[in-house]
Amino acid sequence: MINLEDYAQYADGETIEELRLLASSLKNLKVLHINSTREGGGVAEILSRLVPLMNALGIETHWEVFKGSEEFFRFTKKLHNMLHLPGFSRIESHEVATYLRTTYENLNSIKTETYHVVFIHDPQPMGMVINKQKHQKWVWRCHIDTSTPDPKAWDFIELFVNAYDATVFHIPEFVYQKLQVPAYIIPPSIDPLHPKNIELDRDFILQTLEKFGIDPQRPILLQVSRFDRLKDPIGVYQAYRMVKSKYACQLILAGSYASDDPEGEEVYREMLNATADDRDVFVLNLPPNSHLEINALQRASTVVLQKSIREGFGLVVSEAMWKQKPVIGGNVGGIKRQIIEGTTGFLVNTIEGTAYRARQLLSDRELRERMGFYARNRVKHRFLIIRHLKDYLVLLKSLLR
Ligand code: UDP
């Protein structure tokens, strides 16, 4: 059970009061969120906290998961990649047919008609809007950097997006110039009361390291991500090799699979092969609910990396910053919004740059601590769930005006 009062320690009393006030005028609403996986990845992570909090505020909110075959998710992963980054892929007619068939199948199993507001997360369930009723508001909540999409992917999105009442993006830069639907900006957030982020005993952290055979005495570089090429795990490994020539450090690549990402296993195997000769590299494939273990690894690490090539937001960056870690992040998407260059961490464009900043941080404890201090404050003021919740309530009010 989530209790709103428990969050008072992370927000002033006025904010909690404002939330209650806003929610009191939305009490008769029924709200539905639909995404395509119950666990694994940032969207599921957010919904698992946001939905109970909306209910705690008295707004009846449900969460349904869109289902698809491997063929369907292979297509939507390709679409996801094309929206992030133009390339050479094409969308085939049989893929469009699979998408539409899967959409109809889900419309049979997920009943949307009784809700006042339906939030659709990302492109996988987007087509369900064909069932939008006159009295309803439908919102497409995009978690992808669509600032420079592949035109073929955007054409596909356009088949559906114009039927929505509104769209929501993480940052203004993601709103593609061709979008014709009203766009709202709501950055994601982390929950300080989630097992992923709560304070941990030193003993538990040490036990976790011991369980995986990691040496607590030597520095640790860590990247936590789904096994996904856009997170550039190979680039992280190469940067670590450059650092390793000078510092006897260890590298942890901790990840898990998400049921809507069929590439995970392939990328995991690639990483196992690429790093097999180095006993200081730990490629950990964890069950998706390993929140306490991820928390412990983040707290145990010396420097956290998130060297994504493209990134919607990158919740893992805020998670590490909340734990007072300096983060070296790819200079892309939502990572740019979280890290203040040179103050809470570093933004990098290359493998060499990543290695350079990692060496700098490994050699300077005072710098790490200073950055960690500012990092936690940044998350406290900008990226905690209370702010996120309030943004959603304001959006609901403005939609129903
Ligand atoms: N995560 C996890 N276990 C893993 C890898 C990732 O619990 O092995 C979590 C991570 O802590 C974060 C989310 O999955 O909360 C990933 O969100 P992010 O926005 O960083 O990336 P996405 O997967 O959505 O692209």
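Heads up: the structure comes first, above all this text.
Let me begin by describing the structure that accompanies this report. Source: prediction; values computed, not measured. (Residues numbered from 1 in each chain as written. Predicted model: local features only at pLDDT ≥ 70, side-chain atom pairs only at ≥ 80, totals over all residues. Heavy atoms only, no water.)

**Quick word on helix α14 (residues 385-399)**
Here comes step 1: For α14, built from 15 residues, the straight-helix expectation of 21 Å at 1.5 Å per residue is met to within 8% by its first-to-last C-alpha distance of 21 Å.
Here comes step 2: For α14, the complete set of buried residues consists of Ile385, Ile386, His388, Leu389, Tyr392, Leu393, Leu395, Leu396, Ser398 and Leu399. (Helix = DSSP H or I, 4+ residues; strand = E, 2+ residues; numbered from the N terminus. Expected span 1.5 Å × (residues − 1). Buried < 20%, exposed > 50% of the residue type's maximum accessible area, 1.4 Å probe, protein only.)

**Quick look at the pairing of strand β8 (residues 250-255)**
Here comes step 1: Among the 6 residues that make up β8, 6 are buried, leaving the element largely enclosed by the rest of the structure.
Here comes step 2: A two-sided burial pattern is seen for β8, the buried positions comprising Gln250, Ile252 and Ala254 on one face and Leu251, Leu253 and Gly255 on the other.
Here comes step 3: Two elements, strand β7 (residues 220-224) and β8, share 5 bridges in a ladder whose sense is parallel. Opposite Gln223, over in β8, you have Leu253 as the bridge partner.
Here comes step 4: Crossover β7 to β8 through helix α7 (residues 233-244) is right-handed.
Here comes step 5: Bridge count between β8 and strand β9 (residues 281-285): 5 bridges; the pairing is parallel. Paired with Ala254 across the strands is Leu284, a residue of β9.
Here comes step 6: Handedness of the β-α-β unit built from β8, helix α8 (residues 264-275) and β9 comes out right-handed. (Pairing = 2+ DSSP bridges. Right-handed = clockwise from strand over helix to strand, strands pointing away.)

**With respect to the sheet that holds strand β3 (residues 117-121)**
Here comes step 1: Spatially, β2-β1-β3-β4-β5-β6 is the arrangement adopted by the 6 strands of the open sheet, whose pairing is parallel. Each end of this open sheet is capped by a strand with a single partner; those strands are β2 (60-65) and β6 (183-185). Sheet twist, expressed as the mean angle between neighbouring strand axes with direction ignored, is 20°.
Here comes step 2: Where strand β4 (residues 137-141) lies against strand β5 (residues 166-169), 3 bridges are found, and the strand directions are parallel. For Trp140, the partnering residue across the bridge sits in β5 and is Thr167.
Here comes step 3: Lying over the sheet, helix α2 (residues 42-56) contacts β1 (30-35), β2 and β3, oriented at roughly 155° with respect to β2. (Axes fitted to C-alpha atoms, helices over the stretch in contact; angles between N-to-C directions. Contact = heavy atoms within 4.5 Å.)

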